[in-house]
Amino acid sequence: MSTFNKIQLNKIGDLRGNLVAIESKNSIPFEFKRAYYIYSLDEKTPRGFHAHRELKQFAVCVSGQCKIKMDNGKVKETVLLDNPAEGLVIGPFEWHEMFDFSHDCVLLVLASEHYDEKDYIRSYDEFLELIK
Ligand code: TYD
């Protein structure tokens, strides 16, 4: 049992292929206002290295695979995302680092708020202070 919240999405498959829908507040436990995706990633260049104060996010590898190192200050866990029908909730005060991107990795992220740099905690020391 993981500390972090992986969610299985409903995959609708038929002879033509597969379809996955993600509905705000139905498929994932929050409303989303923003979607972004990262791609053309370098296998050896990790990203992330931050936490958020309020933002909730849901990350799904719609192509390829990557790993996300999750850290809530007490538990550290590496989550593999390698299934377009499965994603990970990244909640507030969860430090995360994405790494080991496959060449075909496209990581889609749905976020509860518009982009706001003030919501970022980019220093790990500050993160540890804030969660005390
Ligand atoms: P950043 O959050 O640092 O990326 P990662 O977590 O993958 O390492 O964002 C990289 C750049 O993109 C930074 O300049 C902020 C900008 N950005 C936006 O303009 N809008 C967005 O929705 C996001 C997520 C980032």
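Check the entry above for the structure.
This part takes up the overall build of the chain. Of regular secondary structure, the chain possesses one helix and 12 strands. For the chain, the succession of helices and strands along the chain, N to C, is β-β-β-β-β-β-β-β-β-β-β-β-α. For the chain, the C-alpha atoms occupy an extent of roughly 50 × 35 × 30 Å along the three principal directions. Here the chain, with 132 residues, has 37% of them falling under the buried criterion.

Taking strand neighbours across the sheet as the criterion, the five strands line up as S1-S9-S6-S11-S4 in an open arrangement whose pairing is antiparallel. Every other strand in the sheet has two partners, leaving strand S1 (5–8) and strand S4 (34–38) as the edge strands with one partner each. Each adjacent strand pair in this sheet contributes to an overall mean axis angle of 25 degrees, direction not counted. Relative to strand S9 (residues 86–90), S1 runs antiparallel, the two sharing four bridges. Across the sheet, Asn 5 pairs through a bridge with Val 89, a residue of S9.

A separate point is the environment of Tyr 124. Along the polypeptide, Tyr 124 turns up in helix H1 (residues 124–130). Note: C-alpha distance between Tyr 124 and Phe 49 (75 residues apart in sequence) is 7.9 Å. Contacts of Tyr 124, omitting those with residues within four sequence positions, involve Asp 71, Lys 76 and Trp 95.

This paragraph deals with the packing of aromatic side chains. The tally for this structure, following the rule as stated, stands at five aromatic pairs. Summarising the aromatic geometry, the rings of Tyr 124 and Phe 127 are spaced 5.7 Å apart at their centres and angled 35 degrees between planes, so their arrangement reads as tilted. Remark: Phe 127 and Tyr 124 occur in helix H1; sequence separation between them is three residues, near one turn of the helix. A connected cluster of aromatic rings, assembled from ring pairs, spans Trp 95, Tyr 124 and Phe 127. If you follow Lys 69 out to its NZ or CZ, it ends over the ring of Phe 99, 5.7 Å from the centre.

A few words on the layout of surface pockets. Size it by volume and the largest pocket reaches roughly 150 Å³. Lining the largest pocket are Arg 34, Tyr 36, Ile 38, Arg 47, Gly 48, His 50, Gln 57, His 96, Met 98, Val 109 and Tyr 120. If you list the elements that add at least two residues to the lining of the largest pocket, you get S4, strand S5 (47–52) and strand S10 (95–99). Among the residues forming the lining of the largest pocket, the class breakdown is five nonpolar, four polar and two charged.

Right, let's talk about the sheet that holds S10 for a bit. Within the open sheet, the five strands sit side by side as S8-S7-S10-S5-S12. Their pairing is antiparallel. At either end of the open sheet lies a strand with only one pairing partner, and these are strand S8 (76–81) and strand S12 (120–121). Bridge analysis of strand S7 (residues 66–71) against S10 gives five bridges, and the strand direction is antiparallel. Within S10, the position partnered with Lys 67 by the bridge is Phe 99.

What follows covers the state of the cysteines. Enumeration according to the criterion identifies zero disulfides in this entry. Free of any disulfide, Cys 66 has its nearest cysteine sulfur in Cys 61, 4.1 Å distant. On the basis of relative accessible area, Cys 66 is assigned to the buried category, the value being 0%. Free cysteine: Cys 105, not disulfide-bonded; nearest cysteine sulfur from Cys 61 at 3.5 Å.

Rules used throughout
Residues numbered from 1 in each chain as written. Predicted model: local features only at pLDDT ≥ 70, side-chain atom pairs only at ≥ 80, totals over all residues. Heavy atoms only, no water. Helix = DSSP H or I, 4+ residues; strand = E, 2+ residues; numbered from the N terminus. Buried < 20%, exposed > 50% of the residue type's maximum accessible area, 1.4 Å probe, protein only. Pairing = 2+ DSSP bridges. Axes fitted to C-alpha atoms, helices over the stretch in contact; angles between N-to-C directions. Contact = heavy atoms within 4.5 Å. Phe/Tyr/Trp six-rings, centres within 6.5 Å; stacked < 30°, edge-to-face > 60°. Lys NZ or Arg CZ within 6 Å of the ring centre and 35° of its normal. 1 Å grid on protein atoms, 1.4 Å probe; cavity = no way out; pocket = protein on both sides within 12 Å on 5 of 7 lines; lining within 4 Å. Points joined across faces, edges and corners; volume = space filled by probe spheres on them. Nonpolar A, V, L, I, M, F, W, Y, C, P; charged D, E, K, R; others polar. Disulfide = S-S within 2.5 Å.

The values are spatial; any link to function lies outside them.
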